[in-house]
Amino acid sequence: MLTTVFLLAVVLHLLVQVWLARRQISYVTEHSNEVPGRFRAVIEPAEHAKAAQYTAAKQRLAIFEAVFDSLVLLALTLGGGISWLGRLTAGWSQSAVMTGTLHVLSVFAVLALLSVPFAVYRTFGLEQKFGFNRSTPAVFVSDLLKSWLLGGLLGGALVAVVLVIMSAAGNAWWLVGWIVWLSFSLLITWAWPRLIAPLFNKFSPLDDAELRARIDALLDRCDFHAKSVYIMDGSKRSAHGNAYFTGLGKEKRIVFFDTLLSSLTPPQVESVLAHELAHFKLRHVPQRLLASAALSLAGFALLGWLSRQSWFYSSLGVSEPGDSSALLLFILVIPVFSWVVSPAMTAWSRRHEFEADAFAAEHSDASELADALVRLYKDNASTLTPDPIYSAFYDSHPPPARRIERLVSAEPTNAATT
């Protein structure tokens, strides 16, 4: 029974992905000839058409990837790939935990290797064609090797700990496993800005006196404390611009891509920062952390039950039940069913974005934020006219026209500094 349900779920998920991608291609192409009102003063018709072409190219690649990923998933599960890799790694160690860890890592190594051609094409084909790629083959390979090494070390350690818990903690192992997973996630969040991110990018203290004064004034107005303000060499790999907060507690850091600072004026940078800061002040970050913790708890509880059911393994192509196989099946199969909640999650995220925009309009300047967003849409070749249904599934941010319309209608504020 589960085999049939799984097959139908894989096919349905793939059909929906292809349908949504084709809708997005059709919609943005149909609306590529006319720039929406608010954007006409900044974005030329040729730039709007380029954004449509860029979006369509990404969606065509996404369709190909979706088909490929579905075939790989079926090969690993019903095709016996997980079982075969389990037998292959079984003789590599006398320790059940070690062989289980190697089993899990071997599956993800296969997935990582299979994803390389797509990553190469995305970077040196698609992104290069539209003028965004600034990476070199040396940087690309270095990033790949470092990410694989980190994934193997950190992921392997986590898997080993979870496998020990599965074998030693009895039927309630899933609760202990969830606590370990949650602790690991918080540790990575803390360690990312201090230890991991610097392995990939260079972070330099912000030395622009005018901009730093604006940022300090904004932080004071909002009663917000950040350890440091850094500039990241995002231009080393891409022309896309961004800004973000990272870290926990007193280790919170503000990070600007150098590409963003070169594109926006100081008042616009201030308004973008006010938006990002709002996610902390409005407690969006802890809300998302709590939601993630609750979902992962439910996931571990479900895995705890499924791992004891023989039909769970046999129905999904695994002949010999085992803890490592249970982990792999759960991680690979759950997305085939969980995608149906995507519209609810994106709607929640878009609500947070609107709230953050309102906060930014109150504590900086709504018109500056609107101008900054228009500039970023232009620089990143973001489509201004996404298909509404596609957007409801995938876009964590509101559609550009609707977002700008809200900001333009916001009351002027006196909070911005000069």
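The rules behind each value
- Residues numbered from 1 in each chain as written.
- Predicted model: local features only at pLDDT ≥ 70, side-chain atom pairs only at ≥ 80, totals over all residues.
- Heavy atoms only, no water.
- Helix = DSSP H or I, 4+ residues; strand = E, 2+ residues; numbered from the N terminus.
- Buried < 20%, exposed > 50% of the residue type's maximum accessible area, 1.4 Å probe, protein only.
- Contact = heavy atoms within 4.5 Å.
- pLDDT = per-residue confidence, 0-100.
- Pairing = 2+ DSSP bridges.
- Polar contact = N/O pair within 3.5 Å; in protein donor to acceptor, adjacent residues only side chain to side chain.
- Patch = residues over 30% accessible without salt bridge, like charges linked within 9 Å, V, L, I, M, F, W, Y side chains within 5 Å.
- Areas by Shrake-Rupley, 256 points an atom, 1.4 Å probe, with all protein chains shown as cover.
- Salt bridge = Lys/Arg side-chain N within 4 Å of Asp/Glu carboxyl O.
- 1 Å grid on protein atoms, 1.4 Å probe; cavity = no way out; pocket = protein on both sides within 12 Å on 5 of 7 lines; lining within 4 Å.
- Points joined across faces, edges and corners; volume = space filled by probe spheres on them.
- Nonpolar A, V, L, I, M, F, W, Y, C, P; charged D, E, K, R; others polar.

Asker: Describe the side chain of Ser315, naming the residues involved and giving the relevant values.
Answerer: Mapped onto the elements, Ser315 comes out in the loop between helix H11 (310–314) and helix H12 (323–338). Ser315 gets classed as buried once you look at its relative accessible area, which sits at 12%. Those residues within four positions of Ser315 in sequence are excluded, and the remaining contacts are Leu2, Thr3 and Leu78.

Asker: Requested: an account of the confidence of the model for the chain, with residues and values cited.
Answerer: When pLDDT is averaged across the chain, the result is 91; 96% of the residues are at 70 or more. The model gives residues 413–418 a pLDDT under 50, and that stretch makes 17 contacts with residues more than four places away or in other chains.

Asker: With reference to specific residues and values, describe the environment of Ser142.
Answerer: Here Ser142 is to be found in helix H5 (residues 137–168). For Ser142, a relative accessible area of 30% corresponds to the partly exposed category. Taking C-alpha positions, Ser142 is 24 Å from Lys58, a pair spaced 84 residues apart along the chain.

Asker: Can you tell me about the pairing of strand S2 (residues 228–232), naming the residues and giving the values?
Answerer: Of all 5 residues making up S2, 5 are buried, and the element is well covered by its neighbours. Here S2 shows a buried face lined by Ser228, Tyr230 and Met232 and a second buried face lined by Val229 and Ile231. Across 3 bridges, the pairing between strand S1 (residues 203–205) and S2 is antiparallel. Bridge pairing links Phe203 to Met232 in S2.

Asker: Could you give me a rundown of the side chain of Asn133, with the residues and numbers involved?
Answerer: Relative to the assigned elements, Asn133 resides in the loop between helix H4 (96–129) and H5. At 2.6 Å, the side chain of Asn133 forms a polar contact with the side chain of Gln128. Within the local environment of Asn133, its side chain forms a polar contact with the backbone nitrogen of Ser135, the two atoms lying 2.9 Å apart. Setting aside residues up to four positions removed in sequence, Asn133 forms contacts with Thr123, Phe124, Glu127, Gln128 and Arg237.

Asker: Could you give me a rundown of a nonpolar patch on the surface, with the residues and numbers involved?
Answerer: A contiguous nonpolar patch, built from Leu113, Val141, Leu145 and Trp148 and spanning about 380 Å² of accessible area, is present on the exposed surface. It is H5 that contributes the most residues to the nonpolar patch, 3 residues altogether. One can find Val141 in helix H5.

Asker: Residue-level account of the layout of surface pockets, with values.
Answerer: Its boundaries defined by the atoms lining it, the largest pocket holds a volume of some 1400 Å³. Phe108, Leu158, Trp181, Phe300 and Ile331 are, among the 42 residues lining the largest pocket, the residues nearest its centre. Class assignment for the residues of the lining of the largest pocket results in 32 nonpolar, 10 polar and no charged. The volume enclosed by the second largest pocket comes to roughly 1200 Å³. Every residue lining the second largest pocket is counted, 44 residues in all, and those nearest its centre are Asn242, Ser382, Ser396, His397 and Arg403. Residue assignment for the lining of the second largest pocket shows that the elements contributing at least two residues are helix H2 (45–76), strand S3 (243–246), helix H9 (266–281), helix H10 (284–306), helix H13 (342–363), helix H14 (366–379), helix H15 (388–394) and helix H16 (400–408).

Asker: If you had to explain the pattern of salt bridges to someone new, which residues and values would you point to?
Answerer: If you walk through the whole model with that rule in mind, you get 11 salt bridges. In this structure, the salt-bridge partner of Glu270 is Arg221, at a minimum N-O distance of 2.9 Å. Pair noted here: Glu270 is in helix H9 and Arg221 is in helix H7 (residues 209–221), with a separation of 49 residues, a long-range link. When its relative accessible area of 1% is taken as the criterion, Glu270 is described as buried. Exposure remark for Arg221: the relative accessible area of 29% places this residue in the partly exposed category. Taken together, the shared-partner salt bridges connect Arg214, Arg221 and Glu270 into one network.

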